[in-house]
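Examining the three-dimensional arrangement
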Amino acid sequence: MRPSRRAPDELRAVSLERGVVKYAEGSCMVKFGDTHVLVTATLEERLPPWLKGQGRGWVTAEYGMLPRATLERTRREAAAGKQNGRTIEIQRLIGRSLRATVNLEALGERQITVDCDVLQADGGTRTAAITGAWVALADCLSWMKARNMVKTSVLRDNVAAISCGIYNGTPVLDLDYAEDSEAETDANFVMTGDGRLIEVQGTAERTPFSHDEFLALMALARKGVARLVDLQKMAVA
């Protein structure tokens with residue numbers, strides 16, 4: 001039995017609330033159970049120097065946790081003077097995931113920065129951030145389209161992400177912290193709306209996992225991402 005009493009293939013309660021920040025061109029409050037992430041998308045008429053003059057845009061991401069997003073207070077990274085390795089890894093993952101389905105040429109020579117701020121963490125912050133980031137990005141692009149700033153479709157597909165793991169010998173979907181901290185294996189899957197893989201991160205925490213167990217995790221992930229994509233489509237409809 002899972003600590004949450006969910007079925008092995010059951011997601012936590014998921015919500016995607018749009019338009020939660022007044023000034024951002026796109027925003028989304030995403031909740032995966034008790035994991036809550038505020039995502040904003042900001043349009044800027046500028047590019048990194050290495051992209052200037054190439055006739056295409058850029059989508060990038062930043063990620064961070066509020067000090068009391070966790071059980072004990074975490075020191076602000078600004079106070080330490082630098083970001084830690086985990087933060088850098090996650091924000092690069094979010095940026096890569098979004099760019100995988102963006103037509104950068106159609107965006108024009110502009111940059112969209114997606115900020116993902118974890119208000120409350122209970123496992124799966126990076127997967128929640130990616131799923132909500134797509135909604136915020138879609139809203140930002142709709143804002144641009146309404147102002148005739150883009151002429152063709154910029155988004156090629158949806159992007160969503162979910163965690164899976166082996167808990168007490170059973171493959172399960174969407175781990176919360178209680179499961180993640182005790183899992184024998186945990187993995188994160190980033191996928192497009194049509195089921196193609198963008199990135200897979202998998203780790204054996206205690207014992208190595210088999211090929212069949214990996215396939216079981218992937219099957220769970222496909223089911224979970226399909227449900228998340230449905231929720232994204234309903235959110236932006």
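In case you missed it, the structure is sitting above this.
Residues numbered from 1 in each chain as written. Predicted model: local features only at pLDDT ≥ 70, side-chain atom pairs only at ≥ 80, totals over all residues. Heavy atoms only, no water.

Right, let's get into the overall build of the chain. Of the regular secondary structure elements, the chain holds 6 helices and 9 strands. A compact globule built from 237 residues would reach a C-alpha radius of gyration of about 18 Å, and the chain, at 18 Å, matches this within 12%. Structurally, the chain occupies a C-alpha span of about 55 × 40 × 30 Å along its principal axes. Per-residue burial for the chain yields a buried fraction of 49% across its 237 residues. Here the contacts in the chain between residues at least 6 apart in sequence split such that 70% fall between residues at least 24 apart. For the chain, the computed accessible surface area is about 11600 Å², with 49% contributed by carbon and sulfur atoms. Taken together, the 31 basic and 31 acidic charged side chains of the chain have centroids lying 6 Å from each other. (Helix = DSSP H or I, 4+ residues; strand = E, 2+ residues; numbered from the N terminus. Rg over C-alpha atoms; globule rule 2.2 N^0.38 Å. Buried < 20%, exposed > 50% of the residue type's maximum accessible area, 1.4 Å probe, protein only. Contact = heavy atoms within 4.5 Å. Areas by Shrake-Rupley, 256 points an atom, 1.4 Å probe, with all protein chains shown as cover. Lys, Arg positive; Asp, Glu negative; His and termini not counted. Charge placed at Lys NZ, Arg CZ, Asp CG, Glu CD.)

Pairing is mixed in the open sheet, where 5 strands are placed in the order E1-E2-E3-E5-E4. Among the strands making up the open sheet, the edge pair consists of strand E1 (14–18) and strand E4 (58–65). Direction aside, the axes of adjacent strands within the sheet are offset by 15° on average. Direction of pairing for E4 relative to strand E5 (residues 111–120): parallel, over a ladder of 8 bridges. Note that in E5 the partner of Gly 64 across the bridge is Asp 117. Taken strand by strand, helix H4 (residues 125–146) contacts E1, strand E2 (26–32), strand E3 (35–44), E4 and E5, and its axis lies near 35° from that of E3. Strands E1 and E2 of the sheet are contacted by helix H6 (residues 211–236), whose axis makes an angle of about 25° with E1. (Pairing = 2+ DSSP bridges. Axes fitted to C-alpha atoms, helices over the stretch in contact; angles between N-to-C directions.)

This brings us to the packing of helix H2 (residues 85–99) against H4. Any two packed helices are characterised by the angle at which their axes cross and by the distance between the axes. Closest axis-to-axis distance for the H2/H4 pair is 10 Å, and the angle between their directions is 40°. Judged by the inter-axis angle, H2 sits oblique to H4. Note that H2 runs across H4; the crossing there is right-handed. The residues of H4 that touch H2, namely those facing Arg 86, Glu 89, Ile 90, Leu 93, Ile 94, Ser 97 and Leu 98, are Thr 125, Arg 126, Ala 129, Ile 130, Ala 133, Trp 134 and Leu 137. (Parallel < 35°, antiparallel > 145°, perpendicular 65-115°, else oblique. Left-handed = near helix turned anticlockwise from the far one by under 90°.)

With 26 residues, H6 extends 37 Å between its outermost C-alpha atoms, agreeing within 8% with the 38 Å of an ideal straight helix rising 1.5 Å per residue. Looking only at H6, the buried set comprises Leu 217, Met 218, Leu 220, Ala 221, Gly 224, Val 225, Leu 228, Val 229, Leu 231, Gln 232 and Ala 235. (Expected span 1.5 Å × (residues − 1).)

Judged by nonpolar contacts, the single largest core of 63 residues is most densely connected at Ile 94, Ile 112, Val 114, Cys 116 and Ile 162. Looking at this core element by element, the count peaks at 12 residues for H4. Aside from chain neighbours lying at most four places away, what touches Cys 116 is Val 37, Leu 38, Val 39, Glu 62, Tyr 63, Gly 64, Ile 94, Ala 129 and Ala 133. (Core = buried A, V, L, I, M, F, W, Y, C linked by side-chain atoms within 4.5 Å.)

Our focus in this paragraph is the packing of aromatic side chains. Scanning the entire structure with this criterion turns up 2 aromatic pairs. An angle of 80° between the planes, with centres 5.0 Å apart, marks the rings of Trp 50 and Trp 58 as edge-to-face. Between the aromatic rings of Phe 189 and Phe 214, the centroid separation amounts to 6.2 Å while the plane-to-plane angle is 35°, which identifies the pairing as tilted. With Phe 189 in strand E8 (residues 185–192) and Phe 214 in helix H6, this pair connects stretches of sequence that are 25 residues apart. Under the relative-accessibility criterion, Phe 189 is labelled buried at 0%. Its relative accessible area of 25% is what places Phe 214 among the partly exposed residues. (Phe/Tyr/Trp six-rings, centres within 6.5 Å; stacked < 30°, edge-to-face > 60°.)

Our next topic: H4. With 22 residues, H4 ought to run about 32 Å at 1.5 Å a step, and its terminal C-alpha atoms sit 31 Å apart, in line with that. The buried count for H4 comes to 18 of 22 residues, which makes it a mostly enclosed element. Two residues or fewer past H4, Asn 148 is found with a positive phi of approximately 60°.

Let us look at the side chain of Glu 179. Tracing the backbone through its elements, the reader meets Glu 179 in helix H5 (residues 177–180). On the basis of relative accessible area, Glu 179 is assigned to the buried category, the value being 0%. Non-local contacts of Glu 179, meaning those with residues more than four positions away in its chain, are made with Arg 2, Pro 3, Arg 6, Tyr 167, Val 172 and Asp 174.

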